[in-house]
Amino acid sequence: MTRAVRLAARQALLEQRSFWRSAEYALFTFVFPLMILLLIGAANVGSYLPGSHVKNTTVFVPGILAFGVIVAAYVNLGSKVAVLRHDGVLKRIKTTPLPSAAYLGGLLASTVLTAILISACTGVIGWLAFGASPRPDGLLALAAGLVLGIVCFATLGLAISAVITTAESAGPLAYASFLPIAIISGVFDPTFGGLPHWMERMVDAFPVKALAQVLQGGYTVRPFPALDLANLGLWTVAGAFFVAWRFRWHT
Amino acid sequence: MRVTYEPAARPVPETPAVQVRDLRMSYGSTEVLRGVDFDVHYGEVFCLLGPNGAGKTTTLEILEGFRPPTGGTVRVLGLNPAAQAARLRERVGMVLQECGFPRQARVAELIDIWRSYYPHPRPLAELLDVVELAEVRNTQVRKLSGGQRRRLDFALALAGDPDLVFLDEPTTGFDPEARRRCWAAIENLRRLGATIMLTTHYLDEAERLADRIAILREGRIELVGTTREVATRAGLATRISFNTPAALRRGQVALPDGIGLAVRGQLSVCHTGNVAVTLRRLLDWALENRLGDLDGLAVTAPSLEDSYIQLTGAIDAGGP
């Protein structure tokens, strides 16, 4: 057991080094969300949510936190694993005595580290640039939301990797499968609304808005997000079942 | 480069390293292997030679534990690959066709993490030497040439100091220089004491590297043996040739009887199953007709290529 943990840790470090060597991964994961944070954040300075004393940026910053977690865990891990499978790296791992759990554990640990880093950057920049900071008694909810969000979207990342068949389509497919939902979930626009009823229901069913709302609970006072937590939990379980069913080590 | 490391002390048990008996494999109604038998002995380089689609890769995948066979028995290092894959992985190195690397990893870094997967890895510096990659040790894998990538394949397969190495078509699609360096790496592997089983559809590769060869065709082993044995058992004759003497060319001398000598312009050629008898007759005939020692007299053993083409049909015979 300890050997498997040690091997997973080594794998995670190699993944991290590789990640930072690759301009496309590092750039997309960090620069893209932080750029959106600064650009759209700047456009919302001085505005308040309709009929309230809550600043737009106070809900926008945790929304971008959710976006960063999804990019790091879902898009990155999903496209990375799809490329590893397409290139035959996963098959090569199967020729060694390395336990599958240690290898996947290493990939997941590296993903968690990346997600924590992007969350920290978003939080600090959101605070410095827009003065948006978590409530002191919202910190625990925020941390719990981040953990659950990372677990949920990393699971879904593994799931989407199982349906991506080519290396070229990995990144675009991973993005295309969540960006429209992120937009209609209002992640980029705190005052977004006026969707048809059926579309509202759909947005509520997906885990993007749920994660954003759980994280917003760490910044503003909101009712306990029981439904949102249940949503994330259900998607995690569904994703795990899909992974168990469809995950393959080679094409 | 010659590698002079001491070969690891390896147990040489009585049983063969690989034992295949009546191996059968079907995909649906398609029979790919129809009763294959062969042994690979410890310390040898064994080559499974055959045209594309003969079942080479399928055989290897069964031996590697990636596919359970439809029938027959298989033992690799005394283990059943289908049931004991995990134990097998610690002692076997594999070079599969079309297996990539993590794109951003560096050469030495990748070999090093591969070493960590095994209980008794070989030293990093030695692995880099064996496959001649020491000078690119800090290069990212995606920047390597095809030949360098293949040699990195070898290094990873060798990282755990395996008793047995499987190489599936190790030089397919390479230019001559890349092939030569691959062969050098394979010869270095054998000098480390590993048993090697490789598949190829290149005759020169089999002839150059293998101690023993099995010709696989349409799911059956046609022949097993050393290069010489395979050629002999294919029923091919040894070729005797010499420069046609002027007197013979001008028709001043009659052809010898009973050895089937044919004059082909500058060269006179005959084929025989008994070299000594034919040679004696030929030299007696030359003496009687005052033709001297027969200029350019050459005795050529049948080549693997001849037997392979005879067995599989010239169209199937691949080659660079």
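Residues numbered from 1 in each chain as written. Chains lettered and ligands numbered in written order. Predicted model: local features only at pLDDT ≥ 70, side-chain atom pairs only at ≥ 80, totals over all residues.

> Honestly, unusual backbone geometry in this entry has me stumped. Any pointers?
Glycine aside, residues mostly have negative phi angles, and peptide bonds mostly take the trans form. Residues and elements named next belong to chain B. Phi at E218 is positive, roughly 50°, even though this residue is not glycine. Mapped onto the secondary structure, E218 falls in the loop between β8 (212-217) and β9 (220-226). Positive phi values are uncommon outside glycine, yet R290 reaches one of about 55°. Along the polypeptide, R290 turns up in the loop between α10 (275-288) and β13 (298-300). (Helix = DSSP H or I, 4+ residues; strand = E, 2+ residues; numbered from the N terminus.)

> Explanation requested: the interface of chain A and chain B in the structure shown.
In many analyses, interface size is given as the accessible surface area lost on bringing the parts together. Contact with chain A, which involves 16 residues of that partner, is made by 18 residues of chain B. Contributing elements (two or more residues each) for the side of chain A that touches chain B: α1 (2-21) and α4 (89-94) of chain A. Top contributing element to the side of chain A that touches chain B by residue count: α1(A), with 5 residues. Tallied by class, the residues present in the side of chain A that touches chain B amount to 6 nonpolar, 5 polar and 5 charged. (Contact = placed C-beta atoms within 7 Å. Nonpolar A, V, L, I, M, F, W, Y, C, P; charged D, E, K, R; others polar.)

> Hey, could you run me through the pairing of strand β5 (residues 92-95) of chain B in this one?
A regular strand places its side chains on the two faces of the sheet in alternate fashion. Residue and element names in this part refer to chain B. A two-sided burial pattern is seen for β5, the buried positions comprising V92 and M94 on one face and G93 and V95 on the other. Direction of pairing for β5 relative to strand β6 (residues 164-168): parallel, over a ladder of 4 bridges. What sits directly across from V95, in β6, is L167. (Buried ≥ 20, exposed ≤ 12 C-beta atoms within 10 Å, placed from the backbone. Pairing = 2+ DSSP bridges.)

> Help me understand the domain arrangement of chain B in this model?
In terms of domain boundaries, chain B breaks down into domain 1 (18-232) and domain 2 (237-301). A C-alpha centroid distance of 45 Å is found between domain 1 of chain B and domain 2 of chain B. (Domains from an automatic or database assignment.)

> Quick question: what am I supposed to make of the sheet that holds strand β12 (residues 267-272) of chain B here?
Residue and element names in this part refer to chain B. What the 4 strands build is an open sheet, ordered β11-β12-β10-β13; its pairing is antiparallel. Two strands in the sheet have a free side with no partner beyond their single neighbour: β11 (262-264) and β13. Sheet twist, expressed as the mean angle between neighbouring strand axes with direction ignored, is 25°. Pairing geometry for strand β10 (residues 238-243) and β12, over 6 bridges, is antiparallel. Bridged to F242 within β12 is S268. Here α10 sits on the sheet and contacts β10, β12 and β13; the angle it forms with β10, its principal contact strand, is near 20°. (Axes fitted to C-alpha atoms, helices over the stretch in contact; angles between N-to-C directions.)

> What am I meant to see in helix α3 (residues 107-116) of chain B here?
Helical geometry: 3.6 residues make up each α-helical turn, so side chains three or four residues apart lie on a common side. Taken residue by residue, α3(B) has V107(B), L110(B), I111(B), I113(B), W114(B) and R115(B) as its buried positions. Elements that come into contact with the buried residues of α3(B) comprise α1 of chain A together with α4 (124-130) and α5 (146-158) of chain B.

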